Amino acid sequence: MDREIKTSAYGLLAVIIALVLPACASRPQSVGSSGTAWGTGAFRSNGERIYFTATSERGTAITYTSGPASNGWMMGDGQLACASCHGPNGRGGAHNMGMMQTMTAKDIRWSALQSEFDAEKFRLAVTKGQDPDGTQLNTDMPRWNISDDDRADLIAYLKTLP
Ligand code: HEC
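What this report covers is the structure whose coordinates are included nearby. In this text the structure is predicted, and so the values were computed from the model without any measurement.

### Considerations on the environment of Ala105
Assignment of secondary structure puts Ala105 in strand 3 (residues 102-105). Judged by its relative accessible area of 10%, Ala105 is buried. Considering only alpha carbons, one finds Ala105 and Gly87, 18 residues apart in sequence, at a separation of 8.7 Å. With near-sequence residues (within four places) excluded, Ala105 lies in contact with Cys85, His86, Arg91, Gly92 and Gly93.

### Digging into the side chain of Thr127
By the element assignment, Thr127 lies in helix 5 (residues 119-128). Here the side chain of Thr127 touches Arg123 through a polar contact of 2.7 Å, landing on its backbone oxygen. When near neighbours in sequence (up to four residues on either side) are disregarded, Thr127 contacts Arg143, Trp144, Ile146 and Arg151.

### Let's talk about the environment of Pro142
Relative to the elements of secondary structure, Pro142 occurs in the loop between helix 5 and strand 4 (143-145). Once the C-alpha coordinates of Pro142 and Lys128 are considered, the two residues, 14 residues apart in sequence, prove to be 8.8 Å apart. With sequence-adjacent residues up to four places away left out, Pro142 is seen in contact with Tyr64, Thr65, Ser66, Gly67, Leu80 and Val126.

### Topic: the nonpolar core
If you look at the biggest cluster of nonpolar residues, it comprises 23 residues, and the most contacted ones within it are Tyr51, Trp110, Phe122, Trp144, Ile146 and Leu158. Going through the elements one at a time, helix 2 (46-53), helix 3 (82-86), helix 4 (110-113), helix 5 and helix 6 (148-160) are the ones with two or more residues in this core. Here the element with the most residues in this core is helix 6; it accounts for 4 residues.

### Re the coordination of the iron atom of the ligand
Taken together, His86 (NE2) and Met141 (SD) make up the protein donors of the iron atom of the ligand, found 2.0 to 2.2 Å from the metal. Considering all 6 donor atoms around the iron atom of the ligand, the spread of angles at the metal, 87 to 180°, places the coordination shape in the octahedral class. Here the residue His86 occupies a position in helix 3, and Met141 occupies one in the loop between helix 5 and strand 4, the gap between them amounting to 55 residues. Here the two residues His86 and Met141 agree in accessibility, since each one is buried.

### Re helix 6
One turn of the α-helix equals 3.6 residues, which is why residues spaced by three or four share an orientation. Look at helix 6: 19 Å from first C-alpha to last across 13 residues, which is about the 18 Å you get at 1.5 Å a residue. Check the buried side of helix 6 and you find it contacts helix 2, helix 3, helix 4 and helix 5.

### Notes on the packing of aromatic side chains
A complete count under the given rule lists 5 aromatic pairs for this structure. When the ring of Trp110 is compared with that of Phe122, the centres are 5.7 Å apart and the planes differ by 65°; the resulting orientation is edge-to-face. Taken together, the residues Trp110 in helix 4 and Phe122 in helix 5 connect sequence positions 12 residues apart. Of the residues examined, Trp110 reaches a relative accessible area of 9% and is grouped as buried. Relative accessible area serves as the criterion here: at 5%, Phe122 is assigned to the buried category. In textbook terms, an aromatic cluster arises when at least three aromatic residues are bridged by ring pairs, as seen for Phe43, Tyr51, Phe52 and Tyr157.

What counts and how
Residues numbered from 1 in each chain as written. Predicted model: local features only at pLDDT ≥ 70, side-chain atom pairs only at ≥ 80, totals over all residues. Heavy atoms only, no water. Helix = DSSP H or I, 4+ residues; strand = E, 2+ residues; numbered from the N terminus. Buried < 20%, exposed > 50% of the residue type's maximum accessible area, 1.4 Å probe, protein only. Contact = heavy atoms within 4.5 Å. Polar contact = N/O pair within 3.5 Å; in protein donor to acceptor, adjacent residues only side chain to side chain. Core = buried A, V, L, I, M, F, W, Y, C linked by side-chain atoms within 4.5 Å. Donors = N, O, S within 2.8 Å, 3.2 Å for Na, K, Ca; no water. Tetrahedral: all angles 85-135°; square planar, octahedral: opposite > 155°, others 65-115°. Expected span 1.5 Å × (residues − 1). Phe/Tyr/Trp six-rings, centres within 6.5 Å; stacked < 30°, edge-to-face > 60°.

Encoded structure:
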């Protein structure tokens with residue numbers, strides 16, 4: 001009887017350790033001199049950094065208004081970046097936002113945008129939610145406050161996506 005309780009207690013302890021250890025290990029490293037939680041030199045260009053973190057090596061602020069109404073998902077504690085919705089490869093896709101809501105973010109690789117967009121139309125879409133066809137983008141797409149230089153870096157990065 002005693003032995004059985006002990007065994008199951010050790011079993012439980014093993015499970016807890018197995019769960020806790022990887023969680024600690026996978027935490028991003030402490031903030032490096034590049035100013036992101038990813039560490040120094042994690043990105044090959046400022047455009048890539050902006051795409052993944054919504055921070056710029058220039059130190060200029062990148063903020064947004066609007067965006068998905070439900071706070072439950074990814075917004076958690078962090079700030080959204082393009083990659084949160086358009087994916088690490090830029091191709092977008094459907095996201096489940098819980099409560100049976102889904103959101104479909106578009107493919108924003110430059111190769112996909114270029115037939116409809118130029119730098120100015122990109123600016124209007126990203127900062128004002130204006131689609132080149134004259135309609136307003138869904139408010140799931142945040143309205144971004146981003147400098148001209150940072151936007152140019154972002155476009156340069158989107159051009160590198162295969
Ligand atoms: C919270 C999710 C989310 C984030 C973060 C986000 N987007 Fe979007 N974006 C969307 C959705 C959803 C759409 C499609 C809206 C629609 O169909 O009306 C969209 C559409 C776009 C479009 C228009 C594409 C087209 O073909 O019409 C561009 C350009 C775009 N996003 C760029 C960006 C950039 C650049 C960033 C980062 C600075 C970004 N988005 C961050 C959700 C997001």
